[in-house]
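# Structural overview
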Amino acid sequence: MRQCLIIGKANAGKTLFLINFAEYLGARSLRLSVERSDGSVSDASFGLADARKALVDAVPHKTLGLQTLTLSVPRGKTVRRIQLTDSAGLSEDVHETIDVRKAMAQTLRHLRLAGMVLHVVDASQVGQEGAVEAMGEVDLQIARYAPQRGPYAIIANKMDLPLAKSGLQTIVQTFRGQPVLPVSALEKRGFREVRSFVWKHAY
Ligand SMILES: Nc1nc2c(ncn2[C@@H]2O[C@H](COP(=O)(O)OP(=O)(O)OP(=O)(O)O)[C@@H](O)[C@H]2O)c(=O)[nH]1
Ligand SMILES: [Mg+2]
């Protein structure tokens, strides 16, 4: 079973992507194993709508730990198992809250262990900021490090928003050579390509 880490800046849409992509893969409820940055581990079960309400937020730094979902997905005559791990969002500056800083450190530690990395970037935000230079150092660093370790794709999210189209162009130019998969986690679009990528590299 391959472990797939969902990583990216705070508010990029990682958690909504996790929930809606899991639904696309056939999950009807979610059983999450949650590991906090202090090492404590607990389980939490949600219906999909409740998970969106409880775990997704317009305010950045909602997720402060690793949230892992194990999925068994029927494929032909076999069943494939995959672990998707959502992580605490990263930011450019040193955050004022210690819990947020610890959670970010935990995300970066986990990056070293991940079998596959899905790097979520908010394409609409990139579109707002315009130039290639506007891509933050955090995203550039992830894109430099993660592909050396294993399968890696950039998920250009929020493609339902108007500025995301130009953001997508900037992302493709900036990360030339890396696979870029445009999605809308909100509208559940682009998931077929993500699923193909994940299955191609899962074993
Ligand atoms: N329009 C639009 N909004 C989205 C999309 N994906 C996520 N959002 C919104 O973006 C905000 C952040 O979503 P989250 O899934 O909580 O983002 P995150 O990356 O997990 O954030 P942290 O846990 O804080 O790092 C929420 O208000 C979501 O509803 C999308 O595809 N389109
Ligand atoms: Mg989150």
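Quick look at the structure, then.

What counts and what doesn't
What you see as residue numbers is a count from 1 along each chain, following the sequence as written. In the order they appear in the text, chains get letters beginning with A and ligands get numbers beginning with 1. Given that the model is predicted, a residue must reach a pLDDT of at least 70 before its local features are reported, and side-chain atom pairs must reach 80 or more before they are shown or counted; all residues, however, enter totals for whole chains, interfaces and linings. Note that the side-chain values use all heavy atoms of the structure and ignore hydrogens as well as water. At least two DSSP bridges between two strands are needed for those strands to be called paired. Only DSSP runs of H or I covering at least 4 residues are called helices, and only runs of E covering at least 2 are called strands; the numbering of each starts at the N terminus. Helix axes use the C-alpha atoms of the stretch in contact, all axes being lines fitted to C-alpha atoms, and the angles between their N-to-C directions lie in the range 0 to 180 degrees. Residue contacts are defined here by distance: any two heavy atoms, one from each residue, within 4.5 Å place the two residues in contact. Sodium, potassium and calcium take a 3.2 Å donor cutoff, other metals 2.8 Å, and in both cases only N, O and S atoms count; water is not among them, so sites may look incomplete. Think of it in three bands: residues with accessible area under 20% of the maximum for their type are buried, residues over 50% are exposed, and the middle band is partly exposed, with areas taken using a 1.4 Å probe on protein chains only. When the centres of two rings from Phe, Tyr and Trp lie within 6.5 Å, Trp using its six-membered ring, the rings pair. Their planes under 30 degrees apart give stacked, over 60 give edge-to-face, and anything left gives tilted.

## Quick word on the sheet that holds strand 4 (residues 65-75)
Here eight strands make up an open sheet; going across it, the order is 3-2-4-5-1-6-7-8 and the pairing mixed. Each end of this open sheet is capped by a strand with a single partner; those strands are strand 3 (41-47) and strand 8 (180-182). Averaged over all neighbouring strand pairs, the angle between strand axes comes to 25°, with direction disregarded. Packing against the sheet, helix 3 (residues 98-111) makes contact with strand 1 (2-8), strand 2 (29-36), strand 4, strand 5 (78-86) and strand 6 (116-122), and its axis sits at approximately 140° to strand 1.

## Here we look at the coordination of the magnesium ion (ligand 2)
In the first shell of the magnesium ion (ligand 2), the protein supplies Thr 15 (OG1) and Thr 63 (OG1), at 2.0 to 2.1 Å from the metal. Within this pair, whereas Thr 15 is found in helix 1 (residues 14-24), its partner Thr 63 is found in the loop between helix 2 (48-55) and strand 4, the two being separated by 48 residues in sequence. Overall, Thr 15 belongs to the buried group, its relative accessible area being 8%. Of the residues examined, Thr 63 reaches a relative accessible area of 9% and is grouped as buried.

## Details of the packing of aromatic side chains
This model, assessed by the stated rule, comprises five aromatic pairs. An angle of 10° between the planes, with centres 5.1 Å apart, marks the rings of Phe 17 and Phe 21 as stacked. Of the two residues, Phe 17 and Phe 21 are both situated in helix 1; the distance of four residues between them amounts to about one turn of the helix. By relative accessible area, Phe 17 is classed as buried at 1%. Here Phe 21 falls in the buried class, since its relative accessible area comes to 0%. Consider the rings of Phe 21 and Phe 191, whose centres lie 5.6 Å apart with planes at 80°: the pair is edge-to-face. Taken as a pair, Phe 21 in helix 1 and Phe 191 in helix 7 (residues 191-202) lie far apart in primary sequence, 170 residues in all. Phe 191 shares its class with Phe 21; the two are buried. Among the aromatic residues, those joined into a ring-pair cluster are Phe 17, Phe 21, Tyr 24 and Phe 191.

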